[in-house]
Amino acid sequence: MNFPPGKLTNGLIAVNVVIFLVILLGGMEQEAFLKGGFFPARLSEEFADVSQYGWMVPAWLTPISSAFLHSGAMHIGFNMLMLFFCGRYVEHALGPQLMAFLYLVGAYAASLSEYLFNSESMTVVVGASGAISAIFGAYALLYSRNEIKPVGPIPGHIVRIAWLTIFWIGIQLMIGLATSGSMNGIAIYAHIGGFVAGLLLTRPLLLYRFKNA
């Protein structure tokens with residue numbers, strides 16, 4: 001299979017792998033997660049003061065820093081495989097700048113979703129899967145071959161977004177049920193938030209790119 005070239009995609013994969021190896025080989029995983037991971041409760045005033053832990057990435061930046069932290073070889077391997085496959089095609093369609101914007105927004109949308117459903121959680125959320133879910137959402141929308149007809153006054157592209165969202169949420173819920181009937185350990189809401197952000201932003205970004213080409 002011939003993949004489109006993707007300098008941004010390759011760069012993101014390289015940065016993620018280098019950070020993972022440095023942390024792993026340096027035995028710094030626990031410290032990295034504590035200082036740079038996303039803790040939903042840190043966005044609440046009650047848990048905002050973390051001075052007792054020393055220097056930490058500001059809470060509003062942890063959606064980005066946590067996206068470059070992974071909890072094991074399987075975790076980063078699966079994420080980078082998804083990014084490699086979907087990222088190159090999305091980068092080809094949107095261009096590197098707009099894909100970078102989508103990736104960034106996806107990371108924040110993922111963290112916001114996790115916060116909305118687990119606002120008092122002190123369980124760290126790490127990994128690029130939220131940002132990559134946005135890329136996967138864009139890929140699913142851009143390269144879906146099935147023609148979706150309008151439903152009454154609702155345009156076909158809106159119906160497609162709704163169906164893809166329902167499909168993705170269903171997958172995430174099945175993953176949650178498959179993991180001992182619990183969603184613990186998998187940031188299901190982050191995956192859903194990133195995916196929906198990708199679906200909602202793809203069409204406007206595509207129109208913006210070709211309007212300004």
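My aim in this report is to walk through the structure given alongside it, one point at a time. Because the structure is predicted, anything quoted here is derived from the model rather than measured.

1. Overview of the overall build of the protein
- Counting its regular elements, the protein contains eight helices and zero strands.
- Counting only residues that meet the buried cut, the protein has 45% of its 213 residues in that class.
- Across the protein, contacts joining residues at least 24 apart in sequence account for 78% of those joining residues at least 6 apart.
- Working note: accessible area of the protein is about 11800 Å², and carbon and sulfur atoms make up 68% of it.

2. Here we look at empty space enclosed by the protein
- The full count for this structure, using the stated rule, is one cavity of 30 Å³ or more.
- Roughly 50 Å³ of volume is contained in the largest cavity.
- The element contributing the most residues to the lining of the largest cavity is helix α1 (residues 7–25), with four residues.
- The residue inventory of the lining of the largest cavity, partitioned by class, reads six nonpolar, one polar and one charged.

3. Section: helix α6 (residues 129–142)
- In a regular helix each residue adds 1.5 Å, so 14 residues correspond to 20 Å; α6 covers 19 Å between its end C-alpha atoms and thus fits that length.
- Taken across its 14 residues, α6 has twelve buried, putting it largely inside the fold.
- For α6, the complete set of buried residues consists of Ser-129, Gly-130, Ala-131, Ile-132, Ser-133, Ala-134, Ile-135, Gly-137, Ala-138, Tyr-139, Ala-140 and Leu-141.

4. Looking at the packing of helix α5 (residues 96–117) against helix α8 (residues 188–211)
- Viewed as axis vectors pointing N to C, α5 and α8 meet at an angle of 145°, and their least axial separation amounts to 7 Å. Crossing angle aside, the handedness with which α5 passes α8 is right-handed. Here Leu-98, Phe-101, Leu-102, Val-105, Gly-106, Ala-109, Ala-110, Ser-113, Glu-114 and Phe-117 of α5 come into contact with α8, specifically with Ile-188, Tyr-189, Ala-190, Gly-193, Gly-194, Ala-197, Gly-198, Leu-201, Leu-205, Tyr-208 and Arg-209.
- Of the residues contributing to the contact of α5 with α8, the split by class is 14 nonpolar, five polar and two charged.

5. What to know about the side chain of Ser-111
- Looking at where Ser-111 falls in the secondary structure, it is placed in helix α5.
- Its relative accessible area of 7% is what places Ser-111 among the buried residues.
- Each residue touching Ser-111, except ones within four places of it in the same chain, is listed here: Phe-38 and Pro-63.

6. So, a nonpolar patch on the surface
- On the surface, Val-17, Leu-21, Leu-24 and Leu-25 cluster together to form a nonpolar patch covering roughly 380 Å² of accessible area.
- Relative to the helices and strands, Leu-24 is located in helix α1.

Cut-off values and rules
Residues numbered from 1 in each chain as written. Predicted model: local features only at pLDDT ≥ 70, side-chain atom pairs only at ≥ 80, totals over all residues. Heavy atoms only, no water. Helix = DSSP H or I, 4+ residues; strand = E, 2+ residues; numbered from the N terminus. Buried < 20%, exposed > 50% of the residue type's maximum accessible area, 1.4 Å probe, protein only. Contact = heavy atoms within 4.5 Å. Areas by Shrake-Rupley, 256 points an atom, 1.4 Å probe, with all protein chains shown as cover. 1 Å grid on protein atoms, 1.4 Å probe; cavity = no way out; pocket = protein on both sides within 12 Å on 5 of 7 lines; lining within 4 Å. Points joined across faces, edges and corners; volume = space filled by probe spheres on them. Nonpolar A, V, L, I, M, F, W, Y, C, P; charged D, E, K, R; others polar. Expected span 1.5 Å × (residues − 1). Axes fitted to C-alpha atoms, helices over the stretch in contact; angles between N-to-C directions. Left-handed = near helix turned anticlockwise from the far one by under 90°. Patch = residues over 30% accessible without salt bridge, like charges linked within 9 Å, V, L, I, M, F, W, Y side chains within 5 Å. Salt bridge = Lys/Arg side-chain N within 4 Å of Asp/Glu carboxyl O.

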